[in-house]
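# Results of the structural survey
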Amino acid sequence: MPHYQIRDTTTHQLLAQDLPDYAAAEAALDRLDDQLEHDLTANGEGAGRIRLRLDIEKVTDGTTETVGHHVLLLGIDNHTDPPPAL
């Protein structure tokens, strides 16, 4: 049975694993975004337009396949300047 996981594209760090389906992976991405924003605020740090590229990977019988990419843009709503070009 396949499962899904989320990996930071730059550091290759696994951020979430054993997610039952793609929808659960997307929900985990939303939670990661919310948690990062919360942690930055709690520490008195501005997000300063942090851009994270994350991969959604499907794991089937030990084989990993990237099936989606998401870019989280933290702190964009906190500024009046236009967002950075992607």
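Attention here is on the structure that accompanies the text. (Residues numbered from 1 in each chain as written. Predicted model: local features only at pLDDT ≥ 70, side-chain atom pairs only at ≥ 80, totals over all residues. Heavy atoms only, no water.)

Counted by the stated rule, this structure contains one aromatic pair. Seen in terms of ring centroids, Tyr4 and Tyr22 are 6.2 Å apart; in terms of plane orientation they differ by 90 degrees. Their pairing is edge-to-face. Of this pair, Tyr4 sits in strand β1 (residues 3–8) while Tyr22 sits in helix α1 (residues 22–42), and the two are 18 residues apart along the sequence. For Tyr4, a relative accessible area of 13% gives the class buried. (Phe/Tyr/Trp six-rings, centres within 6.5 Å; stacked < 30°, edge-to-face > 60°. Helix = DSSP H or I, 4+ residues; strand = E, 2+ residues; numbered from the N terminus. Buried < 20%, exposed > 50% of the residue type's maximum accessible area, 1.4 Å probe, protein only.)

Counting 11 residues, the largest nonpolar core is built from Tyr4, Ile6, Ala16, Leu19, Ala24, Ala25, Ala28, Leu29, Leu54, Ile56 and Leu72. Elements supplying a minimum of two residues to this core: β1, β2 (14–19), α1 and β3 (50–60). With near-sequence residues (within four places) excluded, Ala24 lies in contact with Leu19 and Arg31. (Core = buried A, V, L, I, M, F, W, Y, C linked by side-chain atoms within 4.5 Å. Contact = heavy atoms within 4.5 Å.)

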